[in-house]
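Coordinate inspection notes
Each chain, written out:
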Amino acid sequence: MPDFLWKAASARGQVQEGRLTAASVAQAMQQLRAQGLTPLRVEDAASAASLSAAADGPNPFAGAVQAANHRKAKGPVTPVDVQALTSELAIMLRAGLALDNALRVLIEMSHKPSVAQLLQGILDSVKGGTPLSRALAEHRALFGDFYINMVRSGEASGQMAGVLARLVEHMERQRALRDNIISATMYPAILLGVAVLSLVVMLGFVVPQFEKLFTDMGDALPLPTRIVMALGQGFSQYGLLIGLGAFVMFLGARRWLRSPGGRRWWQVRLLRLPILGRLGLQYELTLFARSLGTLLGNGVPLLTALNIATETVGNAVLREPLVKVAPRVKEGARVVDAVAATGVFEPLAINLIRVGEETGRIGPMMLELANILNREVEIGIKRALTLIEPVLILVLGVLIASIIVSILLGIMSINDLAI
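Residues numbered from 1 in each chain as written. Predicted model: local features only at pLDDT ≥ 70, side-chain atom pairs only at ≥ 80, totals over all residues. Heavy atoms only, no water.

We now examine the side chain of Gln83. As for its placement among the helices and strands, Gln83 is situated in helix 4 (residues 79-94). Take Gln83: its relative accessible area is 12%, and that puts it in the buried class. (Helix = DSSP H or I, 4+ residues; strand = E, 2+ residues; numbered from the N terminus. Buried < 20%, exposed > 50% of the residue type's maximum accessible area, 1.4 Å probe, protein only.)

What follows is the structure, encoded as structure tokens:
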């Protein structure tokens, strides 16, 4: 039978390592659990030895890889780190480890100093008798109200491991939605960059090469040729200033868009766009519906869940009507009536909320609504790309073709004068 190298945590939170013989990885993990240990890693000893030998051998890139890993371990705590430690904490609590011991194991396993420092602070608070939710509230900017209230509901229900698992699932879905949008917009962004670079090269380097050929013709040149030559001269003489000015304008526009007034201006214009406006609306409502459904499914009170879910909406223009939902419900209005009064939900969403309220299953219905909106966002992005990509390619082709045709017209005019 093969040997396995293992790393496991004891009931006291101590991380232990060793070697054992078993028929499979599953049997090795079963042996560790029989010893009262929580498996953290089990791998084939032969495979681990071959990888170690390869790493110890002459490898000119080994130093670079180690340096890259070291750089990766630095920096502040990111949302990806929060998701990873939440997943690991859920696994350890499900395996029966006490909370303080699970936190100790996470600290020992952490390869990032900022994460270890964060966990150490939380552990110190928990050891002092502070509930986990209150310890996390000291880092509200990192975890957020949604995360903290989910943990608080897990403490109240005594199902912390299950709540953390659902919290991880929620974060994975939110992250997957954002990643899909970023991935979908990457190709059009590359096309746009290539278009701008192609124009700069054509006007700044190619067109000036024909300047000497057209110098003596003056007004005899066709109008398109004169326009292109003037643009080329401008790029060749003031290209650096133009680039610097464009960069300064970009920085200024980005800074303004990050201000409250600029952000609101952009969010209003975004919602008015023909295709992207609807996608932006559905994306924000997906965040709201999934957050509300997850909170209600874990026992968070309705009013608290509505307030927290509203804060997950990033568009301030949409957040304004949603903020009024919780006060109306508090005054005695039905949830479906308060939601319908906002004017941002479609009939399908309103009907699902009505069914959920009548059956006492608002949480599951909100999650179903989030899934529907998520699919519509993904389909809408694909459809938008089928329109945007050909348009960008067509515009790039027309611009470059116009420059080439203008130069050819100038050359043909020289031939006509020579005749």
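Let us now look at helix 4. Compared with the 22 Å implied by 1.5 Å per residue over 16 residues, the 22 Å span of helix 4 between its first and last C-alpha is a close match. Of the residues making up helix 4, those classed as buried are Asp81, Val82, Gln83, Leu85, Thr86, Leu89, Ala90, Met92 and Leu93. (Expected span 1.5 Å × (residues − 1).)

A complete count under the given rule lists eight salt bridges for this structure. Taking the shortest distance from any N to any O, the salt bridge between Arg264 and Glu320 comes out at 2.7 Å. Placement of Arg264 in helix 12 (residues 260-272) and of Glu320 in helix 15 (residues 316-323) is noted, with a sequence separation of 56 residues between them. Residue Glu320 is classed as partly exposed on the basis of its relative accessible area of 40%. The closest approach of N and O atoms between Asp337 and Arg334, which form a salt bridge, is 3.3 Å. A residue is classified by how much of its surface remains accessible, and Asp337, at 40% relative accessible area, is partly exposed. The partly exposed category is assigned to Arg334, whose relative accessible area is 38%. (Salt bridge = Lys/Arg side-chain N within 4 Å of Asp/Glu carboxyl O.)

Counting 69 residues, the largest nonpolar core has Ile122, Tyr147, Leu164, Phe288 and Phe345 as the members making the most contacts within it. With residues near it in sequence (within four places) discarded, Leu164 still touches Thr86, Leu89, Ala90, Leu93, Tyr147 and Val151. (Core = buried A, V, L, I, M, F, W, Y, C linked by side-chain atoms within 4.5 Å. Contact = heavy atoms within 4.5 Å.)

With their axes 10 Å apart at the nearest point, helix 4 and helix 5 (residues 99-109) run at an angle of 135 degrees to one another. Considering the angle they form, helix 4 stands oblique to helix 5. Of the two elements, helix 4 crosses helix 5, and the hand of that crossing is right-handed. In this structure, helix 4 contributes Leu85, Glu88, Leu89, Met92 and Leu93 to the contact, and helix 5 contributes Leu99, Ala102, Leu103, Val105, Leu106 and Met109. (Axes fitted to C-alpha atoms, helices over the stretch in contact; angles between N-to-C directions. Parallel < 35°, antiparallel > 145°, perpendicular 65-115°, else oblique. Left-handed = near helix turned anticlockwise from the far one by under 90°.)

One open sheet accounts for three strands, arranged 2-1-3; its pairing is antiparallel. Each edge of the sheet is formed by a strand with only one pairing partner; in this case those strands are strand 2 (15-21) and strand 3 (38-44). Across this sheet, the average inter-strand angle for adjacent strands is 25 degrees, counted without regard to direction. Sheet strands touched by helix 1 (residues 25-34): strand 1 (3-9), strand 2 and strand 3. Its angle to strand 3, the strand with the most contacts, is close to 145 degrees. (Pairing = 2+ DSSP bridges.)

Our focus in this paragraph is the packing of helix 13 (residues 276-297) against helix 14 (residues 302-311). A packed helix pair is summarised by two numbers, namely the angle formed by the two axes and the spacing between the axes. With their axes 9 Å apart at the nearest point, helix 13 and helix 14 run at an angle of 150 degrees to one another. The orientation of helix 13 with respect to helix 14, classified from their angle, is roughly antiparallel. Relative to helix 14, helix 13 is oriented so that their crossing is right-handed. Two secondary-structure elements touch here, helix 13 through Phe288, Ser291, Leu292, Leu295 and Leu296 and helix 14 through Leu302, Ala305, Leu306, Ile308, Ala309 and Thr310.

Where nonpolar side chains cluster on the molecular surface, the patch consists of Leu244, Phe247, Val248, Phe250 and Leu251 and spans about 490 Å² of accessible area. Position of Leu251 among the secondary structure elements: in helix 11 (residues 223-258). (Patch = residues over 30% accessible without salt bridge, like charges linked within 9 Å, V, L, I, M, F, W, Y side chains within 5 Å. Areas by Shrake-Rupley, 256 points an atom, 1.4 Å probe, with all protein chains shown as cover.)

Before going further, it helps to examine the packing of aromatic side chains. Across all of its chains, the model carries three aromatic pairs by this definition. Ring centres of Phe143 and Tyr147 lie 5.0 Å apart, and the angle between their planes is 50 degrees; this geometry places the pair in the tilted category. Of this pair, Phe143 and Tyr147 both sit in helix 8 (residues 140-157), separated by four residues, roughly a single helical turn. Here the aromatic rings of Trp256 and Trp265 are separated by 5.5 Å at their centres, their planes lie at 55 degrees, and the arrangement is tilted. For Trp256, a relative accessible area of 43% translates into the label partly exposed. The exposure class assigned to Trp265 is partly exposed, which follows from its relative accessible area of 38%. (Phe/Tyr/Trp six-rings, centres within 6.5 Å; stacked < 30°, edge-to-face > 60°.)

This next bit is on helix 6 (residues 113-127). Compared with an ideal rise of 1.5 Å per residue, which puts 15 residues at 21 Å, helix 6 spans 21 Å between its outermost C-alpha atoms and is within 8% of the ideal. Listed as buried for helix 6 are Ser114, Val115, Ala116, Leu118, Leu119, Ile122, Leu123, Ser125 and Val126. Structurally, helix 6 contributes buried residues whose contacts are with helix 4, helix 5, helix 7 (132-137) and helix 8. Following helix 6 by one or two positions, Gly129 adopts a phi angle in the positive range, close to 100 degrees.

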